[in-house]
Amino acid sequence: MKKALVLTNGLYQTSDAKTAHGLVRGSERFLIVGIIDNALTANKDAGELLDGIYRNIPVFADLNNAISAIQDAEILIIGVATVGGTLPAEMLVIIKEAIKKGLSIVNGLHDYLNDHVDLVALARENNSTLTDIRKPKKREDLHFFTGNIFNIKTPIVAVIGMDCAMGKRTTARMLMQACAKENIKAEMIYTGQTGWLQGSKYGFVFDSTLNDFVSGELENAILSCNKEVEPDIIFLEGQSALRNPSGPCGLELLISGNAKNVVLLFAPKRIYFDNEPHWGKIPSVESEIAIIEQFGSKVIALAMNTEGCSNEEAITIQASMESSLNIPVLLPIQKGVAPLIPVLKSLLQ
């Protein structure tokens, strides 16, 4: 794996840096060797800043400090997912300097590096490459829905959330890793740029796909995975939320992805969609479960995003929800996802 630095430029401790957070938690595509953030977080460990777990990934104040410390880095990954996918102007300056120093750039934003004529010329001069993960596929590379998904016998589990930035991808990866420990062959279908960055082989970038082909791309990823790998179980990474007005999403996984089982993420202390009061309040978990059931799928577990909760509050909420809903409630970051393994094994029978 090529050694990569991840650029967050002061945003590491915000939800905008969820791409960086995912890469710090793990990647099979790149070896993450450092985070470039700012002076406030510099000289700390990125893992400890994220969730208290030391991961030997240093945080640097700027590009020069990072390159001085890690001289064999080859890649700079844009580690933020901004609203609207725009590239912050101050990051462009850093990207140009990185290219001059011989780094290739990997970008997951809607603002494509290859549309910047000056960056393309600069990359050519310095033998660097510019990779735009979210660039839409060509029409001839897109797949239309066929209905062959309904012939698959492999259990498909959608990991969806009540809102954005809940931990859907992280939970799906943790479930896949927990299955591996139990000799259950599991795969995850990625639906966002970070899933690709972390090394997932099968999937597509949902929000850069023409609407007519979303169902087909999802189906094709599942069919390809099922044929080539023959997994015991397939997890689907969710995007946004069923009722987030800025980008309602998720029913595609249930209908076109034929996911008959769901792990639903919720954050008990988050009141509004994307923390924007004028976007409306996040509905109750019970009402979300009712909607999912109307589409013929079953919520087999909840997973809690504990932002704003003390450990005591999280445990109390977990016990209360398990009692009232009679399904497992996971605390992925605090306690892992192993308690769901018996339920997943039951799906294989």
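Anything mentioned here points back to the structure above.
Read on for an overview of the structure. (Residues numbered from 1 in each chain as written. Predicted model: local features only at pLDDT ≥ 70, side-chain atom pairs only at ≥ 80, totals over all residues. Heavy atoms only, no water.)

1. Describing the environment of Cys164
Working step 1: The residue Cys164 is located in the loop between strand S7 (156-161) and helix H6 (168-181) in this model.
Working step 2: We classify Cys164 as buried; its relative accessible area is 17%.
Working step 3: For Cys164, the contacting residues outside a window of four places in its chain are Ser240, Asn244, Arg270 and Asp274. (Helix = DSSP H or I, 4+ residues; strand = E, 2+ residues; numbered from the N terminus. Buried < 20%, exposed > 50% of the residue type's maximum accessible area, 1.4 Å probe, protein only. Contact = heavy atoms within 4.5 Å.)

2. Let's talk about helix H10 (residues 285-294)
Working step 1: Residues of H10 that are buried: Val285, Glu288, Ile289 and Ile292. Buried residues of H10 fall within an arc of 100 degrees about the axis and therefore sit on the same side.
Working step 2: Within two residues after H10, Gly296 carries a phi angle of roughly 85 degrees, on the positive side. (Arc of directions from axis to C-beta.)

3. Observations regarding the state of the cysteines
Working step 1: Inspection of every chain in the model, using the stated rule, returns zero disulfides.
Working step 2: Between Cys179, a cysteine without a disulfide, and Cys225, which holds the nearest cysteine sulfur, the sulfur-to-sulfur distance is 13 Å.
Working step 3: Residue Cys179 is classed as buried on the basis of its relative accessible area of 0%. (Disulfide = S-S within 2.5 Å.)

4. Structural notes on the layout of surface pockets
Working step 1: In this model, the second largest pocket occupies a volume close to 230 Å³.
Working step 2: As for the second largest pocket, its lining consists of 16 residues, and the residues nearest its centre are Ile133, Lys135, Lys137, Val205 and Ser208. (1 Å grid on protein atoms, 1.4 Å probe; cavity = no way out; pocket = protein on both sides within 12 Å on 5 of 7 lines; lining within 4 Å. Points joined across faces, edges and corners; volume = space filled by probe spheres on them.)

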